[in-house]
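Examining the three-dimensional arrangement
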Amino acid sequence: MKRSEKKWMNLMKRLNQSLSSLIVIIFIFLAFLFFFKFQPDYISGKAKVVDGDTIKINGIKIRLSGIDAPELKQRCTWKNGEYYLCGEFSKSFLKFIENEEVKIKCEYSNKDKYGRILGTCYKGKKDINSYMVERGAAVAYKRYSKKYLAQEEFAKKNKLGIWNGDFIRPERWRKKNK
């Protein structure tokens with residue numbers, strides 16, 4: 001083998017080793033980004049209820065992920081035929097989280113199109129989102145999540161909250177009342 005061929009072979013060997021090292025570094029970097037991008041962030045503090053599916057903590061709006069509560073001006077009908085503002089009902093139902101001594105903790109990983117944090121919130125170990133649907137104060141937001149379907153079925157079967165009468169699903173009501 002000629003001397004120039006040996007130099008060429010050594011150069012290719014070093015280049016191959018450098019390329020392998022670069023690929024490993026890139027892989028580690030991408031794994032690091034992936035790990036931290038998909039780790040939920042947390043916000044906690046005293047909560048202020050905005051409506052049946054939105055709260056504020058430290059002045060930051062948080063949309064309760066996977067649920068949809070009636071709008072504040074939305075009218076529903078109880079089983080006895082009486083009208084009521086079911087959005088106000090949902091808002092007042094959620095007010096159980098407004099307690100001076102209890103911090104609400106929300107985990108989130110993204111925001112909605114309005115810039116609100118989409119979060120699953122907890123009062124102690126109680127999943128507030130789940131509780132709202134299970135008690136009939138909100139419905140599962142099926143377009144975005146299937147997480148609370150069992151809770152919705154429970155509320156419907158037991159005629160709890162808005163299921164104890166007639167209502168239009170909040171998403172449909174918003175479309176009709178734009």
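Residues numbered from 1 in each chain as written. Predicted model: local features only at pLDDT ≥ 70, side-chain atom pairs only at ≥ 80, totals over all residues. Heavy atoms only, no water.

A few points about the state of the cysteines
Inspection of the entire model under this criterion finds two disulfides. Sulfur-sulfur distance for the disulfide between Cys76 and Cys86 comes to 2.0 Å. Between Cys76 and Cys86, the S-S dihedral sits near 55°, and the bridge is therefore right-handed. Here Cys76 is found in strand S6 (residues 75-78), whereas its partner Cys86 is found in helix H2 (residues 86-94), with ten residues between them in sequence. The same class applies to Cys76 and to Cys86, which are both buried. A sulfur-sulfur separation of 2.1 Å characterises the disulfide bridge that pairs Cys106 with Cys121. Note on the Cys106 and Cys121 pair: the S-S dihedral is about 110°, so by sign convention the disulfide is right-handed. With Cys106 in strand S8 (residues 104-111) and Cys121 in strand S9 (residues 117-123), this pair connects stretches of sequence that are 15 residues apart. (Disulfide = S-S within 2.5 Å. Helix = DSSP H or I, 4+ residues; strand = E, 2+ residues; numbered from the N terminus. Buried < 20%, exposed > 50% of the residue type's maximum accessible area, 1.4 Å probe, protein only.)

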